[in-house]
Amino acid sequence: MSGRSARLPRALSSSFVLPTLAAAALVVTATGASVAESPPALTLDFTKQEAAVARSEEAAEEATVSDLATRRQASAMQSAALQGRAESQLRAARNAARKAAAEKAARAKAEQEGKRWVEALRGGRLTSDFGPRWGRNHDGLDIGAPSGTPLYAMSRGTVVRSFLHPTFGNKIEIKYWDGSVSWYAHMSARLVRAGDTVMPGDIVGRVGSTGNSTGPHLHLEIHPAAGVDNPMNPASWLRSRGVMGA
Ligand SMILES: [Zn+2]
């Protein structure tokens, strides 16, 4: 056994070199470390401070960017909110205008509706005309109809009187929007009171034979104004309003 045979295999030998190099590197490192340790501690602190400053500057920059984004977002949200508010106000204004127009139209329609003229009763038959009768003037029209037949307000107006009269029986007086007044007499029922407002076609009473009457009929008188007993021929009055009566 020579020393050569005792030598380590080549592979091991070469691997042995590596620790040697590693050791040398360690030495260098140790030397470097000793070099680094030799300058004043201030240098290292300065480097740390620089890094800290750099970090804080970076953070500040990030914060600025983030702040800008936040502000941009807030601004966008604000303008969206403003736009939304403006749109909502516009919508509200449009709705209000539409509602006002609809109300105006409804009022105009109601006004027109209120000025409509309708018949005092449907069906019925003229039994006595306006004019001289039995030695005196018959101040209205007599329209025969079954007892209980509904009697309607001929247009929009106010009930002036509603009472039981000795000869007219159950009687109502309605003053219409144009100032003229109708009297309904001999009714079996009065369905309105003085002061009531009526619209065209509202039922105000029923045909009857109360007071001085020989059978169920409506005695209809027309006066040009309230409180004035100045009867006119209802036929011409009805005709001028497009209502021929019974
Ligand atoms: Zn009569």
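First, a word on what this report is: a plain description of the structure on this page. (Residues numbered from 1 in each chain as written. Predicted model: local features only at pLDDT ≥ 70, side-chain atom pairs only at ≥ 80, totals over all residues. Heavy atoms only, no water.)

## Observations regarding the overall build of the chain
Working step 1: Along the chain, the regular secondary structure elements total 4 helices and 12 strands.
Working step 2: In the chain, which comprises 246 residues, the proportion classed as buried is 26%.
Working step 3: Long-range contacts, defined here as pairs at least 24 residues apart, represent 60% of the contacts in the chain between residues at least 6 apart.
Working step 4: Looking at the chain as shown, the accessible area adds up to about 16100 Å², and 59% of this sits on carbon and sulfur atoms. (Helix = DSSP H or I, 4+ residues; strand = E, 2+ residues; numbered from the N terminus. Buried < 20%, exposed > 50% of the residue type's maximum accessible area, 1.4 Å probe, protein only. Contact = heavy atoms within 4.5 Å. Areas by Shrake-Rupley, 256 points an atom, 1.4 Å probe, with all protein chains shown as cover.)

## Section: the sheet that holds strand E12 (residues 217–223)
The strands that make up a sheet pair up through hydrogen bonds in the backbone, lying either parallel or antiparallel.
Working step 1: Overall, antiparallel pairing links the 7 strands, which are arranged E1-E4-E12-E8-E7-E6-E10 in an open sheet. For this open sheet the edge positions go to strand E1 (125–128) and strand E10 (197–198), each flanked by a neighbour on one side alone.
Working step 2: Strand direction decides the pairing type here: strand E6 (residues 157–165) and E10, joined by 2 bridges, are antiparallel. When the bridges of E10 are listed, Thr158 appears paired with Thr197. (Pairing = 2+ DSSP bridges.)

## What to know about the pattern of salt bridges
Working step 1: Evaluated as defined, the whole model comprises 8 salt bridges.
Working step 2: Note that Arg156 and Glu111 form a salt bridge whose closest N and O atoms lie 3.6 Å from each other. In this pair, Arg156 is assigned in the loop between strand E5 (150–152) and E6 and Glu111 in helix H3 (residues 41–114), connecting sequence segments 45 residues apart.
Working step 3: On the basis of relative accessible area, Glu111 is assigned to the partly exposed category, the value being 35%.
Working step 4: In this structure, Glu113 and Arg116 form a salt bridge, with 3.0 Å as the shortest nitrogen-oxygen distance.
Working step 5: What you see here is one network of salt bridges that share partners, running through Glu111, Lys115 and Arg156. (Salt bridge = Lys/Arg side-chain N within 4 Å of Asp/Glu carboxyl O.)

## Some points on the pairing of strand E8 (residues 181–187)
Working step 1: Burial runs high along E8: 7 of the 7 residues are buried.
Working step 2: In this structure, strand E7 (residues 169–176) lies alongside E8, joined through 5 bridges in antiparallel fashion. By the bridge assignment for E8, Asn170 is matched with Met187.
Working step 3: Two successive antiparallel strands, E7 and E8, enclose a turn made up of 4 residues, where Gly179 displays a positive phi of approximately 95°.
Working step 4: In this sheet, E12 lies alongside E8 in antiparallel orientation, the contact comprising 5 bridges. Paired with Trp183 across the bridge in E12 is Glu221.

## A closer look at the side chain of Glu173
Working step 1: Relative to the helices and strands, Glu173 is located in strand E7.
Working step 2: A polar side-chain atom of Glu173 sits 2.7 Å from a polar atom in the side chain of Lys171.
Working step 3: Those residues within four positions of Glu173 in sequence are excluded, and the remaining contacts are Thr158, Val159, Val160, Arg161, Phe163, Val181, Ser182 and Trp183. (Polar contact = N/O pair within 3.5 Å; in protein donor to acceptor, adjacent residues only side chain to side chain.)

## A closer look at the nonpolar core
Working step 1: Core analysis: the largest hydrophobic core is formed by 25 residues, its most contacted members being Leu151, Met154, Ile174, Tyr184, Val204 and Leu218.
Working step 2: Mapped by element, the contributors of at least two residues to this core are strand E4 (141–144), E7, E8, E12 and helix H4 (234–240). (Core = buried A, V, L, I, M, F, W, Y, C linked by side-chain atoms within 4.5 Å.)

## Regarding the packing of aromatic side chains
Working step 1: Applying the stated criterion across every chain yields a total of 5 aromatic pairs.
Working step 2: Members of the aromatic cluster, connected to one another through ring pairs, are Trp117, Tyr176, Trp177 and Trp237.
Working step 3: One Lys or Arg, Lys115, reaches over the ring of Trp177 and ends 5.1 Å from the middle of that ring.
Working step 4: Cation over ring: Lys171 sits above Phe168, and NZ or CZ is 4.8 Å from the ring centre. (Phe/Tyr/Trp six-rings, centres within 6.5 Å; stacked < 30°, edge-to-face > 60°. Lys NZ or Arg CZ within 6 Å of the ring centre and 35° of its normal.)

## Re unusual backbone geometry
Working step 1: A positive phi angle, near 50°, is found at Trp134, a position not held by glycine.
Working step 2: Following the sequence through the fold, Trp134 ends up in the loop between strand E2 (131–133) and strand E3 (136–138).
Working step 3: Not every positive phi belongs to a glycine, and His186 is a case in point at roughly 70°.
Working step 4: In this fold, His186 is placed in strand E8.

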